[in-house]
Amino acid sequence: MTTDSPGSAGLAIVATDFDDPRLCADFLSLLDHYMQSPTGNGQPMSDALRRRLPAELRRRPHVLSYIAYRASDGGQRAVGLINCVEGFSTFAGQPLLNVHDIVVHQDFRRQGIARALLGHAEAVARQRGCCKLTLEVLEGNHGARRAYLDFGFEGYQLDPAMGQALFMEKKLG
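Analysis parameters
- Residues numbered from 1 in each chain as written.
- Predicted model: local features only at pLDDT ≥ 70, side-chain atom pairs only at ≥ 80, totals over all residues.
- Heavy atoms only, no water.
- Core = buried A, V, L, I, M, F, W, Y, C linked by side-chain atoms within 4.5 Å.
- Buried < 20%, exposed > 50% of the residue type's maximum accessible area, 1.4 Å probe, protein only.
- Helix = DSSP H or I, 4+ residues; strand = E, 2+ residues; numbered from the N terminus.
- Contact = heavy atoms within 4.5 Å.
- pLDDT = per-residue confidence, 0-100.
- Disulfide = S-S within 2.5 Å.
- Pairing = 2+ DSSP bridges.
- Axes fitted to C-alpha atoms, helices over the stretch in contact; angles between N-to-C directions.
- Phe/Tyr/Trp six-rings, centres within 6.5 Å; stacked < 30°, edge-to-face > 60°.
- Expected span 1.5 Å × (residues − 1).

**Q** Mind showing me how you'd approach the nonpolar core here?
**A** In this structure, Ile 82, Leu 97, Ile 113 and Leu 118 are the most contacted members of the largest nonpolar core, which totals 26 residues. Elements supplying a minimum of two residues to this core: β1 (11-15), β2 (63-72), β3 (75-89), β4 (94-104), α3 (113-127) and α4 (142-151). Top contributing element to this core by residue count: α3, with seven residues. Leaving out residues up to four positions away in the same chain, Ile 82 has contacts with Leu 64, Ser 65, Tyr 66, Val 99, Asp 101, Ile 102, Leu 117, Leu 118 and Ala 121. With 17 residues, the next largest nonpolar core counts Leu 23, Phe 27, Leu 57 and Ala 78 among its residues.

In structure tokens:
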């Protein structure tokens, strides 16, 4: 799929096929790039995770991954990645799509790639009959927060008296 988002001319967004060695390598490279950043965990991807992750994702049809490619001198360059997980809203009785990871390689930021990836995720969510897109973002990631707000995301609350929802976790094992 080629996208027509403003500022993203020549950008192609393709589903990640974990049986395709190039797509798999591009996926792992972009995810590793994200993991090593301050908004990731600041650590490179372990060799064990690199070996295990493609097979684990291949087994999970509710996990959707797309890579953005930009034409370059040497062909197509992987410049962005979005990983989404389909969930379900019991209040709406419909599926939802959670943006779990969004990565734009640091050499290609501020070129409309994140917006194009989000637009692609929204189109996929609409095709699947989803009631909403969700995501989490670190408080200090001001650029991403601004981009998400500009795209139409907003804080989640059911009743203003109860305040906004907080994302929490409990690590297991």
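Okay, back to it.
**Q** Could you clarify how one ought to interpret the confidence of the model for the protein chain in this entry?
**A** Caution is warranted with low-pLDDT regions, since their predicted coordinates should not be read in detail. Across the protein chain, the average pLDDT comes to 91, with 95% of residues at or above 70. Confidence drops under a pLDDT of 50 for residues 1-7, and excluding neighbours within four residues, the segment shows 15 contacts in the predicted structure.

**Q** It is not clear to me how the state of the cysteines should be interpreted in this structure. Could you clarify?
**A** Two cysteines whose sulfur atoms are joined by a covalent bond form what is called a disulfide. Per the stated rule, a full pass over the model turns up zero disulfides. For Cys 24, which is in no disulfide, the shortest distance to another cysteine sulfur is to Cys 84 and amounts to 18 Å. Unpaired in this structure, Cys 131 has its nearest cysteine sulfur neighbour in Cys 130, at a distance of 7.0 Å.

**Q** Sorry, what's going on with the environment of Phe 108 here?
**A** When you line up the elements, Phe 108 lands in the loop between β4 and α3. Setting aside chain neighbours within four positions, we find Phe 108 in contact with Arg 77, Val 79 and Ile 113.

**Q** Just checking my understanding: could you explain unusual backbone geometry for this structure?
**A** Backbone geometry at Arg 110 places phi at a positive 65 degrees, although glycine is not the residue there. Mapped onto the secondary structure, Arg 110 falls in the loop between β4 and α3. For Arg 110, a relative accessible area of 78% puts it in the exposed group.

**Q** Before we go on, may I ask you to explain the sheet that holds β4 in this structure?
**A** With mixed pairing, the five strands of this open sheet are ordered in space as β1-β2-β3-β4-β5. Of all the strands in the sheet, just β1 and β5 (133-135) have a single pairing partner and so form its edges. Sheet twist, expressed as the average angle between the axes of neighbouring strands with direction ignored, equals 30 degrees. As paired elements, β3 and β4 share ten bridges and run antiparallel to each other. When the bridges of β4 are listed, Asn 83 appears paired with Asp 101. On the sheet, α3 packs against β1, β2, β3, β4 and β5 and is oriented at approximately 160 degrees with respect to β4.

**Q** How should I be thinking about the packing of aromatic side chains in this particular structure?
**A** A full pass over the atoms with the stated rule returns three aromatic pairs. Their ring planes at 65 degrees and their centres at 6.0 Å tell us that Tyr 148 and Phe 153 sit as a pair that is edge-to-face. A residue is classified by how much of its surface remains accessible, and Tyr 148, at 9% relative accessible area, is buried. Aromatic rings pair up to connect Tyr 148, Phe 151 and Phe 153 into one cluster.

**Q** Explain the environment of Gln 164 here, please?
**A** Mapped onto the secondary structure, Gln 164 falls in the segment after α4. Residues Gln 164 and Glu 154, spaced ten residues apart in sequence, show a C-alpha to C-alpha distance of 9.9 Å. Excluding its chain neighbours within four sequence positions, the residues that come into contact with Gln 164 are Gly 155, Tyr 156 and Gln 157.

**Q** Whenever I open this one, α3 confuses me. Can you help?
**A** For an α-helix, 3.6 residues make a turn, and residues three or four places apart therefore share a direction. End to end, α3 covers 21 Å across 15 residues, agreeing with the expected 21 Å (1.5 Å per residue, within 8%). Every buried residue of α3 is listed here: Ile 113, Ala 116, Leu 117, Leu 118, His 120, Ala 121, Val 124 and Ala 125. Where the residues of α3 are buried, they touch β1, β2, β3, β4, β5 and α4. Gly 129, located one to two residues past α3, shows a positive phi value of around 75 degrees.

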